[in-house]
Amino acid sequence: TRLLNLLQPFLPRRAPFPVVGMLRLGTGNAWARAVGTDSYFRAVKRLPHLRWPLPTARFDLVEVEGSLSPFAGFGWDARILNDYQRNLDRRSGQIFGSRFFTRFQTGLAGYLYALFRYTVPSELLESRNGQPEVKVERVSGESLKIVDGEPVPYAETVLYQGPMSVAAAATCPEYGYGIRAFPYAGRVPGSINLRIYDRPVMEALRHSRQLWTGLPSPGMHDFFVKRARVTFSRPMPFQVGGDAHGARRTVEFAVGDRPVQVVNWRAATA
């Protein structure tokens with residue numbers, strides 16, 4: 001998405017983004033996995049043998065603080081990213097044990113290490129003061145709520161108010177490493193999927209399979225919005241597209257005014 005953010009100021013007002021072909025070069029590769037991208041070398045090797053033009057899939061984008069991204073959010077998912085990066089920074093200068101560092105402190109293993117070594121203890125410590133509260137307000141446009149797996153009109157201005165551990169917005173179902181954190185994302189074109197999880201981190205661990213695979217889980221609240229504001233009772237860790245962005249008390253999420261066509265590798269190689 002950094003490329004799209006760099007391109008946007010140079011495009012005419014209503015001009016679309018160019019078609020984007022995702023390759024698995026990142027860490028979690030959320031967007032690439034969502035469109036069925038194979039490993040980097042295998043995907044490049046297949047390119048000359050595919051039928052052109054390649055099929056594409058439409059994705060809207062989340063706009064937040066002037067940036068576009070397939071997802072952004074608050075809570076312990078953002079804290080994991082902060083803890084993961086802080087762990088990398090702390091250990092990257094170590095000379096001894098570099099092989100262990102490479103294998104177990106980066107990638108999925110590194111995220112899991114950061115989760116159990118730093119994030120869960122921090123969340124448990126903060127929970128002594130009670131869970132943070134969030135107020136989610138529709139700012140403009142219509143809103144829908146997921147009821148029994150289907151989006152239905154929802155006319156209330158305050159979409160949700162109460163305890164939370166994660167509050168996130170997405171247009172891509174994947175979060176990285178095959179985690180389907182936003183299984184409804186993309187169901188309503190022209191809107192973003194706003195998702196609130198109200199249970200504490202220890203209960204999330206007990207339901208980790210449902211949360212990983214996108215199966216229904218207690219404590220989940222899903223909405224589709226054009227623009228919404230989230231306001232927290234205390235500063236919360238914040239991430240945009242998997243990159244840590246410190247902490248915020250309030251932020252507005254909106255659907256970007258330019259969707260993007262992404263090469264659908266799953267359809268291209270079927």
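As the structure is a prediction and not an experimental result, all values here were calculated from the model.

### Quick notes on the overall build of the protein chain
Of the regular secondary structure elements, the protein chain holds nine helices and 14 strands. Expressed as a percentage of its 270 residues, the buried residues of the protein chain come to 46%. A fraction of 72% describes how many contacts in the protein chain between residues 6 or more apart in sequence connect residues 24 or more apart.

### Things to note about a nonpolar patch on the surface
On the surface, Leu 25, Tyr 40, Phe 41 and Val 44 cluster together into a nonpolar patch covering about 420 Å² of accessible area. With respect to the helices and strands, the residue Val 44 is situated in helix H3 (residues 40–46).

### Things to note about the packing of aromatic side chains
All told, the structure shown has nine aromatic pairs when counted by the stated rule. Ring centres of Phe 74 and Phe 253 lie 6.2 Å apart, and the angle between their planes is 70 degrees; on these two criteria the pair is classed as edge-to-face. Taken together, the residues span a long stretch of sequence, with Phe 74 in strand S4 (residues 71–75) and Phe 253 in strand S13 (residues 243–255) at a distance of 179 residues. A single burial state applies to Phe 74 and to Phe 253, both of which are buried. Through pairs of rings, three or more aromatic residues link up here, namely Phe 74, Phe 232, Phe 238 and Phe 253. One Lys or Arg, Arg 258, reaches over the ring of Phe 17 and ends 5.9 Å from the middle of that ring.

### Here's the deal with unusual backbone geometry
Residue Trp 52 is joined to Pro 53 through a cis peptide bond whose omega torsion reads 0 degrees. With respect to the secondary-structure elements, Pro 53 resides in the loop between H3 and strand S1 (56–59). Located in the positive-phi region is Glu 65, a residue other than glycine, with phi close to 50 degrees. Inspection of the secondary structure puts Glu 65 in the loop between strand S2 (62–64) and strand S3 (67–69). Overall, the relative accessible area of 48% leaves Glu 65 in the partly exposed class. Here Asp 148, not a glycine, exhibits a phi torsion of approximately 55 degrees, which is positive.

### With respect to the nonpolar core
In this structure, Phe 74, Val 134, Val 136, Leu 194, Val 230, Phe 232 and Phe 253 are the most contacted members of the largest nonpolar core, which totals 25 residues. Looking at this core, the element that brings in the most residues is strand S12 (residues 227–240), giving six residues. Excluding its chain neighbours within four sequence positions, the residues that come into contact with Val 136 are Thr 157, Val 158, Leu 159, Tyr 160, Leu 194, Ile 196, Arg 229 and Val 230. Ranked by size, the runner-up nonpolar core spans 20 residues in total, among them Phe 17, Met 22, Leu 61 and Val 260.

### A word on the pairing of strand S7 (residues 150–153)
As paired strands, strand S6 (residues 144–147) and S7 are joined by four bridges and run antiparallel to one another. Looking across to S7, one finds that Ile 146 is bridged to Pro 151. Where S6 folds back on S7, the antiparallel hairpin that results is connected by two residues, among which Asp 148 adopts a positive phi of roughly 55 degrees.

### Considering the pattern of salt bridges
Considering all chains together, one arrives at 13 salt bridges under this definition. Between Lys 135 and Glu 137 there is a salt bridge, and its shortest N-O distance comes to 3.9 Å. Here Asp 222 makes a salt bridge to Arg 195, at a shortest N to O gap of 2.8 Å. Of this pair, Asp 222 sits in strand S11 (residues 220–225) while Arg 195 is found in strand S10 (residues 192–197), placing the two residues 27 residues apart along the sequence. Considered together, Asp 222 and Arg 195 belong to a single accessibility category, that of buried residues. The network of salt bridges with common partners includes Lys 135, Glu 137, Arg 227, Arg 229 and Glu 252.

Conventions and cut-offs
Residues numbered from 1 in each chain as written. Predicted model: local features only at pLDDT ≥ 70, side-chain atom pairs only at ≥ 80, totals over all residues. Heavy atoms only, no water. Helix = DSSP H or I, 4+ residues; strand = E, 2+ residues; numbered from the N terminus. Buried < 20%, exposed > 50% of the residue type's maximum accessible area, 1.4 Å probe, protein only. Contact = heavy atoms within 4.5 Å. Patch = residues over 30% accessible without salt bridge, like charges linked within 9 Å, V, L, I, M, F, W, Y side chains within 5 Å. Areas by Shrake-Rupley, 256 points an atom, 1.4 Å probe, with all protein chains shown as cover. Salt bridge = Lys/Arg side-chain N within 4 Å of Asp/Glu carboxyl O. Phe/Tyr/Trp six-rings, centres within 6.5 Å; stacked < 30°, edge-to-face > 60°. Lys NZ or Arg CZ within 6 Å of the ring centre and 35° of its normal. Core = buried A, V, L, I, M, F, W, Y, C linked by side-chain atoms within 4.5 Å. Pairing = 2+ DSSP bridges.

Scope: geometric values only; no functional claims are made or implied.
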